[in-house]
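# Reading the structure
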Number of protein chains: 2
Amino acid sequence: MTEKSTEAKVEEAQTAALRIAGLSDEARADALESIADAIDANREEILAANEKDVAEAEQLLEAGEYTQALVDRLELSPSKLESIAEMVRSVADQEDPLGKTQTARELDEDLELYKNTVPIGVVGTIFESRPDALVQIAALCLRSGNAVILKGGSEASHSNRVLFELIEEATADVPDGWAQLIEARADVDTVLEMDDSIDLVMPRGSSEFVSYIQDNTSIPVLGHTEGVCHVYVDADADLSMATDIAYDAKVQYPAVCNAVETLLVHEDVAEEFLPMIAERYEDAGVEMRGDEASRAIVPMEEASDADWETEYGDLVVAVRVVESLREATGHITAHGSKHTDSIVTDDSDRAARFMRSLDSASVFHNASTRFADGYRYGLGAEVGISTGKIHARGPVGLEGLTTYQYYLEGDGQIVGTYAGADAKPFVHEDFDGSWTPGSLSDR
Amino acid sequence: MTEKSTEAKVEEAQTAALRIAGLSDEARADALESIADAIDANREEILAANEKDVAEAEQLLEAGEYTQALVDRLELSPSKLESIAEMVRSVADQEDPLGKTQTARELDEDLELYKNTVPIGVVGTIFESRPDALVQIAALCLRSGNAVILKGGSEASHSNRVLFELIEEATADVPDGWAQLIEARADVDTVLEMDDSIDLVMPRGSSEFVSYIQDNTSIPVLGHTEGVCHVYVDADADLSMATDIAYDAKVQYPAVCNAVETLLVHEDVAEEFLPMIAERYEDAGVEMRGDEASRAIVPMEEASDADWETEYGDLVVAVRVVESLREATGHITAHGSKHTDSIVTDDSDRAARFMRSLDSASVFHNASTRFADGYRYGLGAEVGISTGKIHARGPVGLEGLTTYQYYLEGDGQIVGTYAGADAKPFVHEDFDGSWTPGSLSDR
């Protein structure tokens, strides 16, 4: 396996992509069940490989090169493996994202256009540490009929190799070469340059890592960089609700991208609201950093300019008092990351103004920013969160791994008939229907 | 105007983008009517500016630096101006692509998620010669609520400046700065580097030009490079139909990207079909270039390897005899450009095999490749044709200039309620509805 060049692997993936696209829903789901079974049946082997990774990581931890958090993310356990197999089965259970007819349109009699979902083709993925990422990404790509290039972190190389080999064996019925493992750091640059062969790159990791990928490839990137999310407590807010939301958005899971980083408070309610939330935050150990007006109400550290643009990922929150809704949206536009922002207000017109004037992937009214998540949105398996605006935005489900093809079923029609002085007009009428072989004759 | 830096212009466009997104359907349509009226009312001025461009171009034509075709594309006339104004009015008449609720989902009681179409933001456009391109692009961006950076060819600079100023004046009710004209070639590189401020780049011009743009920016590109389209005449084809389709696909308008470049013919029908199409092609002056098997049936030039990958854009067609449907799809996969390919056959299963095994934006059964076009597809105003697979593919209508935002309407919900041991389950049920201010309380 390791002797093949990256170029050869990508070429194999391209060939496989055309064939995997033709697999039935059932065949893809069955292959996923086989992967889950293989993980269940080979726990010992996986854990043994993972132990090697963990042992090496612990040495680097002692040497001060790795953090404890990295070692924790790396380590597998029987229960973690169980939940990985469970995750694969849940991806198998997802509704097939392929072959859906999005539009069926009669262009003219016996000339029918169908817009159908199809896989994207070859997806390049680059991820750090967690070995479960390899399994999850491979599962999502297989479910959506894509071939996948997998590049994991070197710290997980033993685990990744065993998991990859199990996946390869378990999917013997899937066109050969649909999944490819690459291991050397240098191969990443090769992948990023293959814009003729790879259709989409999905990086997973830190903001810096995703930004690096975006800056170094002309392949479209589906990824998530920063999450500087805001909660704005309006003049007309229910302050008890605002306190609950601001607390949940910061404290429920501070390390994630949809946690709130900056609290904006209308001056009319600041004197009442800030002490309420300060008390809750204090109990949870949240550090508040505020502008002058906030600090005049509740004692806290002074916020620097950098605080307004920082994704703390921790129990820290920046606080600013604003004079108006417009000042709040202006602040968010200037300092936010277009991820998720929420207004708390009882006035639905003001909520609509807030929501309409922000260019964020998710804008909420009277709800915690933490709801911005594929599972909570009901998207099923989450492919990732995108901070781009093109193709897929915000939490992305399996449909983010699809594109579409136009199928035109005719009866010998030529364009000459519909052009020139005696041009026949088009009908252009949508109908309910989906493309199947011979669909024209069936109607 | 010319004193502002490109960076300042893009920044103005960013500010305007947020505000233009909030304009009503009617306001955007009215602004387009004003543009059309301004073009009608200022024909003299536009034609005078255009004459300067044409005079300069003719000098360069004499010097051998420009082609006659370029001069022809550049030249405006009263009737061309009439059709430009007409085009703007037809864009105004298009259905509003914004504010459409694609999904409305109940996450829980009084917690409703709406996925609504919104403008992309700032669109950078770079186009060559034709002054009508500036008007069309500006009209499409305004209709879809986007701010636009316009960079035309230097050969049309007088025409473009007058048209741009008319558009600016006519859209005084649209947030200031929504359209920006840049004129220097060097500013293109500035634009291509502003990936934090520009959301999408739409280049229009030759394949080489579009490829250059793609290779020199990390901004997503919506563009069209090559069209190497195929017609495959299957063993079960109606040969009279196949002749009509192959003729129309090549002859009806050979200069365009959806014209056929290579004809693939199953060996079972080659002896009967090739003389039929050769006779029709001869009448139209089409040059055929064939492989050995084709030349054994009909005398023609020998096709070189390069012929299989050439977009002639002219009355030339490459011809190859294949042994099987698989050989045909293999040829298309190896040499095609994933634009548009058509099979002629009476066997719908074989048609489906052909259509499913190709990764082209449009795959046809018994129809001319020339149908691959936004107008014929019924998409209304055509934004362009995309040869990418991400975001928009094939002919692209106004919806290609939109993305979506998630709006969540709640009643104070926090994620803590739906997590942990006593987690409340989500409802996740789609309903018919669209987001409006206060939509939660209205249901």
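Residues numbered from 1 in each chain as written. Chains lettered and ligands numbered in written order. Predicted model: local features only at pLDDT ≥ 70, side-chain atom pairs only at ≥ 80, totals over all residues. Heavy atoms only, no water.

In the annotation of an unreviewed UniProt entry, chain A is listed under the name Gamma-glutamyl phosphate reductase and assigned to Natronoarchaeum mannanilyticum. UniProt, in the comment section headed Catalytic activity (unreviewed entry), describes chain A in these words: "L-glutamate 5-semialdehyde + phosphate + NADP(+) = L-glutamyl 5-phosphate + NADPH + H(+)". Word for word, the UniProt comment on chain A under Function (unreviewed entry) is "Catalyzes the NADPH-dependent reduction of L-glutamate 5-phosphate into L-glutamate 5-semialdehyde and phosphate. The product spontaneously undergoes cyclization to form 1-pyrroline-5-carboxylate." (UniProt positions renumbered as here; feature names shortened; annotations may be inferred.)

### Some details on the relation of the copies chain B and chain A
Note on the copies: chain B fits chain A at an RMSD of 0.0 Å, the axial shift is 0.0 Å, and the rotation between them is 180 degrees. Interpreted geometrically, this transformation is the action of a two-fold axis. Relative to the rotation axis, the C-alpha of His-391 of chain B is the closest in chain B, positioned 1.9 Å from it. Both copies share a contact surface, since 100% of the interface residues of chain B are interface residues in chain A too. (Least-squares fit on C-alpha atoms with pLDDT ≥ 70 in both. Contact = heavy atoms within 4.5 Å.)

### Some points on the sheet that holds strand β9 (residues 287-290) of chain A
Pairing in this open sheet of eleven strands is mixed, and the strands run β10(A)-β9(A)-β11(A)-β8(A)-β7(A)-β12(A)-β13(A)-β16(B)-β2(B)-β1(B)-β17(B) from one edge to the other. If you trace the sheet from one side to the other, it starts and ends with β10 (301-302) of chain A together with β17 (429-430) of chain B, each paired once. Taken together, the five bridges between strand β13 (residues 362-367) of chain A and strand β16 (residues 402-413) of chain B define a ladder with parallel strand orientation. Within the sheet, the bridge partner assigned to Ala-367 of chain A lies in β16 of chain B and is Gln-413 of chain B. Where helix α10 (residues 239-251) of chain A meets the sheet, it contacts β7 (229-233), β8 (260-266), β11 (316-322), β12 (340-344) and β13 of chain A together with β16 of chain B, and its direction lies at approximately 160 degrees from that of β8 of chain A. (Pairing = 2+ DSSP bridges. Helix = DSSP H or I, 4+ residues; strand = E, 2+ residues; numbered from the N terminus. Axes fitted to C-alpha atoms, helices over the stretch in contact; angles between N-to-C directions.)

### Details of unusual backbone geometry
Phi at Asn-366 of chain A takes a positive value of approximately 55 degrees, unusual for a residue other than glycine. Considering the arrangement of structural elements, one finds Asn-366 of chain A in strand β13.

### Brief notes about the domain arrangement of chain A
Split by domain assignment, chain A resolves into domain 1 (6-215) and domain 2 (229-378). Spacing between the C-alpha centres of domain 1 of chain A and domain 2 of chain A amounts to 36 Å. (Domains from an automatic or database assignment.)

### Observations regarding the packing of helix α10 (residues 239-251) of chain B against helix α11 (residues 267-284) of chain B
All names here are of chain B. Where α10 contacts α11, the two axes come as close as 10 Å, and the packing angle between them is 40 degrees. Between α10 and α11, the crossing angle belongs to the class labelled oblique. The crossing of α10 and α11 is right-handed. Contacts between α10 and α11 involve Leu-239, Ser-240, Ala-242, Thr-243, Asp-244, Ala-246, Tyr-247, Lys-250 and Val-251 from the former and Val-269, Glu-272, Phe-273, Met-276, Ile-277, Arg-280, Tyr-281 and Ala-284 from the latter. Here the residues of the contact of α10 with α11 are counted per class, giving eleven nonpolar, two polar and four charged. (Parallel < 35°, antiparallel > 145°, perpendicular 65-115°, else oblique. Left-handed = near helix turned anticlockwise from the far one by under 90°. Nonpolar A, V, L, I, M, F, W, Y, C, P; charged D, E, K, R; others polar.)

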